[in-house]
Amino acid sequence: MTDVTLWTNARIMTADGSIGRTPAPGALEVETAGGRITALGLALPRCGQRVVDCEGRLLTPALLDCHTHLVHGGDRSAEFEMRLDGASYEEIARAGGGIASTMRATRALDVEGLVAAALPRLDHLLAEGVSTVEIKSGYGLSVEAELDMLRAARRLAERRPVRVRTTWLAAHALPPEYAGDREGYLREVAMAGLERAAAEELVDAVDAFCEGIAFAPEEIAPLFDLARRLGLPVKLHAEQLSHSGGTALAARFGALSADHLEHATEEDAARLAAARSVAVLLPGAFYLLRETKAPPVAAFRAAGVPMALATDCNPGTSPLTSLLLAMNMGATLFRMTVAECFLGVTSHAARALGLSGLTGQIAPGLSADLALWDVESPALLVNRIGFNPLHARIFQGEIAP
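What counts as what
- Residues numbered from 1 in each chain as written.
- Predicted model: local features only at pLDDT ≥ 70, side-chain atom pairs only at ≥ 80, totals over all residues.
- Heavy atoms only, no water.
- Helix = DSSP H or I, 4+ residues; strand = E, 2+ residues; numbered from the N terminus.
- Buried < 20%, exposed > 50% of the residue type's maximum accessible area, 1.4 Å probe, protein only.
- Lys, Arg positive; Asp, Glu negative; His and termini not counted.
- Salt bridge = Lys/Arg side-chain N within 4 Å of Asp/Glu carboxyl O.
- Contact = heavy atoms within 4.5 Å.
- Axes fitted to C-alpha atoms, helices over the stretch in contact; angles between N-to-C directions.
- Parallel < 35°, antiparallel > 145°, perpendicular 65-115°, else oblique.
- Left-handed = near helix turned anticlockwise from the far one by under 90°.
- Nonpolar A, V, L, I, M, F, W, Y, C, P; charged D, E, K, R; others polar.
- UniProt positions renumbered as here; feature names shortened; annotations may be inferred.
- Domains from an automatic or database assignment.
- Buried area = accessible area lost by both parts, 1.4 Å probe.
- Pairing = 2+ DSSP bridges.
- Phe/Tyr/Trp six-rings, centres within 6.5 Å; stacked < 30°, edge-to-face > 60°.
- Core = buried A, V, L, I, M, F, W, Y, C linked by side-chain atoms within 4.5 Å.

**Quick word on the side chain of E262**
Considering the arrangement of structural elements, one finds E262 in the loop between β11 (257–260) and α9 (266–275). Comment: no salt bridge for buried E262; closest opposite-charge side chain is K293, at 9.9 Å. Not counting chain neighbours up to four residues away, the residues in contact with E262 comprise E239, Q240, L282, F286, K293, A294, P295 and P296.

Here it is as structure tokens:
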């Protein structure tokens, strides 16, 4: 094979817990070929392959952002000012702001306009060693506008060396044309649109917003039944602003993940553990909304629930395009350990996307998605703020621009 590469003299953090806090340089070497990791070991044989001397840098799996709303039109900086003046998330939403505001800006753009708006946000993530991004719909709130969001997400993966996983989130809010007809919206847009998205192979998973200002568990269940019939996994925005029973619904359907979870309980942690679901924590929204009730990290830890971290990049409650900062927030605001933060943006994030057998660790057979950092210790990736020590991003075995 002509594309065999040996990555040597690196401090390798495999993300499976087998390497200590400060890996020794050269303790392991990585061989890649054909876009995959082909070997991991000590003093791998030299067979004329290309050799990359990592010069003692930290080599980790590339990062995964497993919860974003990256594709949208407009911004909501005016609402940021409103919150500073004391308005709550619910008050802004009920006054026609929030998701409805972004809906209007998103509907005003065609697919190429959505791609152009999203590219700068995507580029910020890639510049921090991200290889895989989940992108949700949920701001079009009509069949065509929702499909256009997913078309734009797919197109982003054609414009950049990145893996994109798409999620259908039409059950995000009720648009004004369906005011008073929640059942009609779910049937005619969320469910009918999902069938079209699946037929066009635009969707990888299905999500919904389970909350008092959005949809109740009993309203979401038929959508998840449809997802199951279509062979699509589900995930859920759950227990963010109140305890609405979303975690129980997610567990009932064996969801890949339940996300936010500020108001989850010990019983919810047990449910997620039994369902083998990932708890995706989103400290950007917690921070910007100035929440005071943090997710029950200790309960998740005790129950053995894997925890992921993500940016929740969106225009209103988490305009965050730094997964490194999300790790710092996870540690500082949620008291997660460095190891938990690191697993949260690598192997646990991969699990939250159903990609555990493809990426998120440095192991033979997985995609050669790697990040090379100008640091010695993984703690520096979590501890520092406003610090991006990325030396190189490797996607499917190639150093990406």
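Let's pick the thread back up.
**Describing the packing of helix α5 (residues 143–159) against helix α6 (residues 182–199)**
For the pair α5 and α6, interaxial distance at closest approach is 9 Å and the crossing angle is 40 degrees. Judged by the inter-axis angle, α5 sits oblique to α6. Read as a crossing pair, α5 and α6 show a hand that is right-handed. Across the interface between the two elements, V143, E144, L147, L150 and R151 of α5 pack against E188, V189, G193, R196 and A197 of α6. Residues belonging to the contact of α5 with α6 are distributed by class as follows: five nonpolar, one polar and four charged.

**What about the UniProt feature "binding site: N-formimidoyl-L-glutamate" (unreviewed entry) in the protein chain?**
Look at the UniProt record and you will see "binding site: N-formimidoyl-L-glutamate" (unreviewed entry) annotated at Y139, N314 and G316. For the residues just named, distributed over 178 residues, the greatest C-alpha separation is only 11.5 Å, placing them together at one site. With respect to the helices and strands, the residue Y139 is situated in the loop between β7 (130–136) and α5. Judged by relative accessible area, Y139 falls into the buried class, the value being 3%.

**Overview of the domain arrangement of the protein chain**
Domain annotation for the protein chain reports domain 1 (4–61 + 361–400) and domain 2 (63–353). Relative placement of domain 1 and domain 2: their C-alpha centres are 30 Å apart. Between domain 1 and domain 2, a total of about 1700 Å² is buried, with carbon and sulfur atoms accounting for 67% of that surface. If you sort the residues of domain 1 by the area they bury against domain 2, V382, R393 and F395 come out on top, with a joint share of 35%.

**Considering the sheet that holds strand β10 (residues 235–238)**
Taking strand neighbours across the sheet as the criterion, the four strands line up as β10-β11-β12-β13 in an open arrangement whose pairing is parallel. A single partner strand is all that each edge strand has here, and the edge strands are β10 and β13 (307–309). The mean inter-strand angle of the sheet, taken between neighbouring strand axes irrespective of direction, is 25 degrees. Relative to β13, strand β12 (residues 278–281) runs parallel, the two being bridged by three bridges.

**A short note on the packing of aromatic side chains**
Summed over all chains, the structure comprises four aromatic pairs. The interplanar angle of 70 degrees and the centroid separation of 5.5 Å between the aromatic rings of Y178 and Y185 together place this pair among those described as edge-to-face. As far as the burial class goes, Y178 and Y185 line up, both buried. Taking 6.3 Å as the distance between ring centres and 10 degrees as the angle between the ring planes, the aromatic pair formed by Y185 and F215 counts as stacked. Residue Y185 is located in helix α6, and its partner F215 is located in the loop between β9 (205–208) and α7 (217–229); the two are separated by 30 residues in the primary sequence.

**Quick notes on the nonpolar core**
Formed by 97 residues in total, the largest nonpolar core has its most connected members in F224, L281 and F300. Residue contributions to this core peak at eight residues, all from helix α4 (residues 111–126). Mapped onto the domain boundaries, this core takes at least three residues apiece from domain 1 (4–61 + 361–400) and domain 2 (63–353). L28, C54, I362 and L372 belong to the second-largest nonpolar core, a separate cluster that totals 15 residues.

**Brief notes about the side chain of Q240**
You can see Q240 is positioned in the loop between β10 and α8 (246–252). Look at Q240 and you get buried, because its relative accessible area is 5%. Among residues more than four places away in sequence, those in contact with Q240 are F209, E211, H260, L261, E262, H263, A285 and L289.

**Things to note about the sheet that holds strand β6 (residues 63–65)**
Strand order in this open sheet of four strands is β6-β7-β8-β9, and the pairing throughout is parallel. If you trace the sheet from one side to the other, it starts and ends with β6 and β9, each paired once. The mean angle between the axes of side-by-side strands here comes to 20 degrees, regardless of whether they run parallel or antiparallel. Sheet topology places strand β8 (residues 163–171) next to β9; three bridges connect them, and they run parallel. Looking at β9, one finds that A171 is bridged to A208. Here α7 sits on the sheet in contact with β8 and β9, set at roughly 180 degrees to β9.

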